[in-house]
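Residue-level structure breakdown
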Amino acid sequence: GPKVLQIPSHQIIDMGQMVTLNCDPVSNHLYFYWYKQILGQQMEFLVNFYNGKVMEKSKLFKDQFSVERPDGSYFTLKIQPTALEDSAVYFCASSQMGQGADTQYFGPGTRLLVL
Amino acid sequence: GDQVEQSPSALSLHEGTGSALRCNFTTTMRAVQWFRKNSRGSLINLFYLASGTKENGRLKSAFDSKERYSTLHIRDAQLEDSGTYFCAATTSSGQKLVFGQGTILKVYL
């Protein structure tokens, strides 16, 4: 089936540093998402991105977070500066259509550890 | 707010038997997806439903938006079906999935 790739698979950084998580979505998909899963907890929505704009974000999407997809390349999640509570697995997803009309396909996740 | 309650949290099945997982929603949802998490932690898509039922091999899923629930039925369970299953529903805004807590399924001989 369609595949979403995420780079890197693991990242360890010191608190206060910047980190960029990269997502390579399914090629003809137009809607992009980030989700966060803290160890032992449920997966939670962070943000939805379409046509260069954030469509919806949750309260977990702090001011230190930003997303972009410059020139149709990777869809990125940047955290600057990072905090200890940002340690989690971050999953990227993409879909061809929005408004819940289509399947979201998920990447394997990036495991972020902030020390 | 939008919440998804998934049950049971854990399930043990003898090989060849079957059972059902269920997700109840606190609000009206537009669609539901069912996933299985593989050994590497990746989410494998099982079903997407905006209404009605779908079947794929030994799996069958149903979604009733009005009654606010979805089910995943597994029949003739095999050892390789073991894993963690999640439902996730698309909220009325259509912009996000809300996940259930997951069901850990163990199939034994």
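My aim in this report is to walk through the structure given alongside it, one point at a time. Please read all numbers here as calculations on a predicted model, not as lab measurements. (Residues numbered from 1 in each chain as written. Chains lettered and ligands numbered in written order. Predicted model: local features only at pLDDT ≥ 70, side-chain atom pairs only at ≥ 80, totals over all residues. Heavy atoms only, no water.)

1. As for the state of the cysteines
Here the structure, examined in full by the defined rule, presents two disulfides over all chains. Between the sulfur atoms of Cys23 of chain A and its disulfide partner Cys92 of chain A the distance amounts to 1.8 Å. Its S-S torsion of about -65 degrees marks the bond between Cys23 of chain A and Cys92 of chain A as left-handed, since a negative value means left-handed. Note that Cys23 of chain A is positioned in strand 3 (residues 19-24) and Cys92 of chain A in strand 9 (residues 88-95), a separation of 69 residues in sequence. The exposure class of Cys92 of chain A is buried, given its relative accessible area of 0%. Across a sulfur-sulfur distance of 1.9 Å, Cys23 of chain B and Cys87 of chain B are joined as a disulfide pair. The sign of the -100 degrees torsion about the S-S bond sets the Cys23 of chain B-Cys87 of chain B disulfide as left-handed. In this pair, Cys23 of chain B sits in strand 3 (residues 19-25) while Cys87 of chain B sits in strand 9 (residues 83-90), placing the two residues 64 residues apart along the sequence. According to the relative accessible area criterion, Cys23 of chain B is buried, its value standing at 0%. (Disulfide = S-S within 2.5 Å. Helix = DSSP H or I, 4+ residues; strand = E, 2+ residues; numbered from the N terminus. Buried < 20%, exposed > 50% of the residue type's maximum accessible area, 1.4 Å probe, protein only.)

2. With respect to the packing of aromatic side chains
In total, this model carries 13 aromatic pairs over all chains according to the counting rule given. Ring plane angle 85 degrees and centroid distance 5.3 Å describe the contact between Phe106 of chain A and Phe35 of chain B, whose orientation is recorded as edge-to-face. Taken as a pair, Phe106 of chain A in strand 10 (residues 105-106) and Phe35 of chain B in strand 4 (residues 31-37) lie in two separate chains rather than in one. Each member of the pair, Phe106 of chain A as well as Phe35 of chain B, is classed as buried. (Phe/Tyr/Trp six-rings, centres within 6.5 Å; stacked < 30°, edge-to-face > 60°.)

3. What to know about the sheet that holds strand 7 (residues 59-64) of chain B
All names here are of chain B. What the five strands build is an open sheet, ordered 1-3-8-7-6; its pairing is antiparallel. The open sheet has two edge strands, strand 1 (4-7) and strand 6 (52-56), and neither has a second partner. Within this sheet the neighbouring strands show an average axis-to-axis angle of 15 degrees, counted without direction. Sheet topology note: the strand 6/strand 7 ladder contains five bridges and is antiparallel. Note on strand 7: the bridge partner recorded for Thr53 is Ala62. (Pairing = 2+ DSSP bridges. Axes fitted to C-alpha atoms, helices over the stretch in contact; angles between N-to-C directions.)

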